[in-house]
There are 2 protein chains.
Amino acid sequence: MRYPGGVKIQPTTKKKINYKNRGMSLEHDLNITNEYYREKGIAYIYKKPTPIQITKVDYKKGKIIEAYFASPSTTDYNGVYQGKYLDFEAKETILKTSFPIKNIHAHQIKHLENIVSQGGIGFLIVRFTKRCQTFLLFASDLFEFQKENTSSRIPYSYFVEHGYLLEEKYHPRIDYLKVVNQYGGVSSDTKKTNC
Amino acid sequence: MRYPGGVKIQPTTKKKINYKNRGMSLEHDLNITNEYYREKGIAYIYKKPTPIQITKVDYKKGKIIEAYFASPSTTDYNGVYQGKYLDFEAKETILKTSFPIKNIHAHQIKHLENIVSQGGIGFLIVRFTKRCQTFLLFASDLFEFQKENTSSRIPYSYFVEHGYLLEEKYHPRIDYLKVVNQYGGVSSDTKKTNC
């Protein structure tokens, strides 16, 4: 059996694979999901590099010796799927009953608005770590929540009602494109949750 | 008239603005072009942050104290234009007669191949600085060159014949979307250069 990256794993004892691998971070799960999509030629979606403001470089050693983390102006993930532009932000929360909107920068929400206005597909992937559940919430549903609510937290129930529970398995780890494929272009009144 | 700090500025002669500002780098020109597109809601295209490998962080000061420039796995620019995924790499060359393909990493060319295979729009923007000319070359024409030639340099004449000379003006500085709009979905036998 060959794992992505060509690492050969000794198939001596039949290990029971924990498909859910719940200890792993959402970022890790998305990275291996995107790797899977790339290997299969399904989609080319990448996490953008962390924005860094470099202030001092030792050019002789080719080394950065002073730099700071900068605030991201866009979301973390974007790419192409069947010619379409896809853009999303992924966040984890340890809260059980709600997701604080402040976990996403205001300019990232504005960015998602811009993307959607240009016909791109924008969404959030939110993991409720204590529930071991990960949801996809289309940007349109995020905007609708903000329009109709003054609360700074999106209740868990809103994700259940308007979002899509993402099945976690071995490969692809979190098949979010399945949801994009089925509901990405469907208006909110005809769609239904798959959980 | 006095400026803060007491610096006196003589507002006597009306400076003539050099719209072309040819001393500016291609990156700068593309940044202000993309800013213009964003401001007008025409497209949302960004330069990705430079990939950095962080090796030491002073968490108390929130400061990175050791890091290295990493090799980019994708191209520098991507975004959405009318729902479509757009992806390109931009390079300058001081050579007058050719553009060395080695200026673009092999995995960046592979990335452009992947993008095009998924229906995305991929291209290069190449500036011949000594000629003060900037060309857009669609990825398909880059691949065709590589298929039919063993040379590691794309001759200037190939850009003239198969690429599109990008007009430089005040705003937008380099209107590459005009070319994408006109020729982005057109097969190579029906298109013509605009220089």
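What you are looking at is a predicted structure, and each value in this text was computed from that prediction instead of being measured.

*Asks:* An account of the overall build of chain A is needed here, citing residue identities and associated values.
*Replies:* Counting secondary structure elements, chain A contains 5 helices and 10 strands. Residues counted as buried form 44% of the 195 residues belonging to chain A. Put simply, 65% of the contacts in chain A that link residues at least 6 apart link residues at least 24 apart. Accessible surface computed for chain A: about 10,500 Å², of which carbon and sulfur atoms make up 50%.

*Asks:* Describe helix α3 (residues 139-148) of chain A, and please don't skip the residues or the numbers.
*Replies:* Taken residue by residue, α3 of chain A has Ala139, Asp141, Leu142, Phe143 and Phe145 of chain A as its buried positions. For α3 of chain A, the elements touching its buried residues are α2 (106-117), β7 (121-128), β8 (133-138), β9 (153-155) and α4 (156-162) of chain A.

*Asks:* Give me the lowdown on the relation of the copies chain B and chain A, citing residues and values where you can.
*Replies:* Between chain B and chain A, which share one sequence, the superposing operator has a rotation angle of 180° and an axial displacement of 0.0 Å; the RMSD is 0.0 Å. Put plainly, the chains are arranged around a two-fold axis. Mapped onto chain A, 100% of the interface residues of chain B again fall at the interface, so both copies present the same surface.

*Asks:* Could you give me a rundown of the environment of Gln108 of chain B, with the residues and numbers involved?
*Replies:* All names here are of chain B. Residue placement: Gln108 occurs in helix α2 (residues 106-117). It is 12 Å that separates the C-alpha atoms of Gln108 and Lys91, two residues lying 17 residues apart in sequence. In this structure, Gln108 is in contact with Pro72, Thr74, Thr75 and Glu89, ignoring residues within four places of it in sequence.

*Asks:* Got a sec to walk through the pairing of strand β5 (residues 84-93) of chain B? Specific residues and values, please.
*Replies:* On a regular strand, each side chain points to the face opposite its neighbour's, so the side chains alternate between the two faces of the sheet. Residue and element names in this part refer to chain B. When you tally the buried positions in β5, you get 7 out of 10 residues, the bulk of the element. With 5 bridges joining them, strand β4 (residues 77-81) and β5 adopt antiparallel strand pairing. Bridge pairing links Val80 to Tyr85 in β5. What sits between the antiparallel neighbours β4 and β5 is a turn of 2 residues, in which Gln82 has the positive phi angle 50°. Judged from the 8 bridges that link them, β5 and strand β7 (residues 121-128) form a sheet pairing that is parallel. By the bridge assignment, Ala90 is partnered in β7 with Ile125.

*Asks:* Account for the interface of chain B and chain A, with residues named and values stated.
*Replies:* The interface is formed by 37 residues belonging to chain B together with 37 residues belonging to chain A. When chain B packs against chain A, the two sides together hide about 2,800 Å² of surface, and 64% of this comes from carbon and sulfur. When the area that chain B buries against chain A is broken down by residue, the three leading residues are Tyr44, Ile64 and Gln118 of chain B, summing to 23%. Run the count over chain B and chain A and you get 2 salt bridges. The salt bridge partner of Lys63 of chain B is Glu66 of chain A, with a shortest N-O separation of 3.7 Å. Linking chain B with chain A are 15 residue pairs in polar contact (both at pLDDT 80 or more), by the criterion used here. Of all elements in the fold, only β1 (44-47), β2 (52-58), β3 (63-69), β4, β5 and α2 of chain B reach the threshold of two or more residues within the side of chain B that touches chain A. The element best represented in the side of chain B that touches chain A is β3 of chain B, accounting for 7 residues. Residues of the side of chain B that touches chain A, tallied by class, amount to 18 nonpolar, 15 polar and 4 charged. Across 2 bridges, strand β3 (residues 63-69) of chain A lies against β3 of chain B in antiparallel orientation. Looking at β3 of chain B, one finds that Ala67 of chain A is bridged to Ile64 of chain B.

*Asks:* Could you give an account of the environment of Arg127 of chain A, naming the residues involved and the relevant values?
*Replies:* All names here are of chain A. By secondary structure assignment, the location of Arg127 is in strand β7. Along the primary structure Arg127 and Leu30 are separated by 97 residues, whereas in three dimensions their C-alpha atoms are 11 Å apart. Those residues in contact with Arg127 that sit more than four places away from it in its chain are Met24, Ser25, Leu26, Asp29, Lys91, Glu92, Thr93, Gln133, Thr134, Glu168 and Ile174. A polar atom in the side chain of Arg127 sits 2.9 Å from the side chain of Thr134.

*Asks:* Give a description of the packing of aromatic side chains that names residues and reports values.
*Replies:* All names here are of chain A. Going through the model one piece at a time under the given rule, you end up with 33 aromatic pairs over all chains. A network of ring pairs unites the aromatic residues Tyr36, Tyr37, Tyr77, Phe88, Phe123, Phe138, Tyr164, Tyr176 and Tyr183 as a single cluster. In this arrangement the basic side chain of Arg38 is found over the ring face of Tyr46, its NZ or CZ atom lying 4.2 Å from the centre.

What counts and how
- Residues numbered from 1 in each chain as written.
- Chains lettered and ligands numbered in written order.
- Predicted model: local features only at pLDDT ≥ 70, side-chain atom pairs only at ≥ 80, totals over all residues.
- Heavy atoms only, no water.
- Helix = DSSP H or I, 4+ residues; strand = E, 2+ residues; numbered from the N terminus.
- Buried < 20%, exposed > 50% of the residue type's maximum accessible area, 1.4 Å probe, protein only.
- Contact = heavy atoms within 4.5 Å.
- Areas by Shrake-Rupley, 256 points an atom, 1.4 Å probe, with all protein chains shown as cover.
- Least-squares fit on C-alpha atoms with pLDDT ≥ 70 in both.
- Pairing = 2+ DSSP bridges.
- Buried area = accessible area lost by both parts, 1.4 Å probe.
- Salt bridge = Lys/Arg side-chain N within 4 Å of Asp/Glu carboxyl O.
- Polar contact = N/O pair within 3.5 Å; in protein donor to acceptor, adjacent residues only side chain to side chain.
- Nonpolar A, V, L, I, M, F, W, Y, C, P; charged D, E, K, R; others polar.
- Phe/Tyr/Trp six-rings, centres within 6.5 Å; stacked < 30°, edge-to-face > 60°.
- Lys NZ or Arg CZ within 6 Å of the ring centre and 35° of its normal.

Nothing here speaks to function; it is all geometry.
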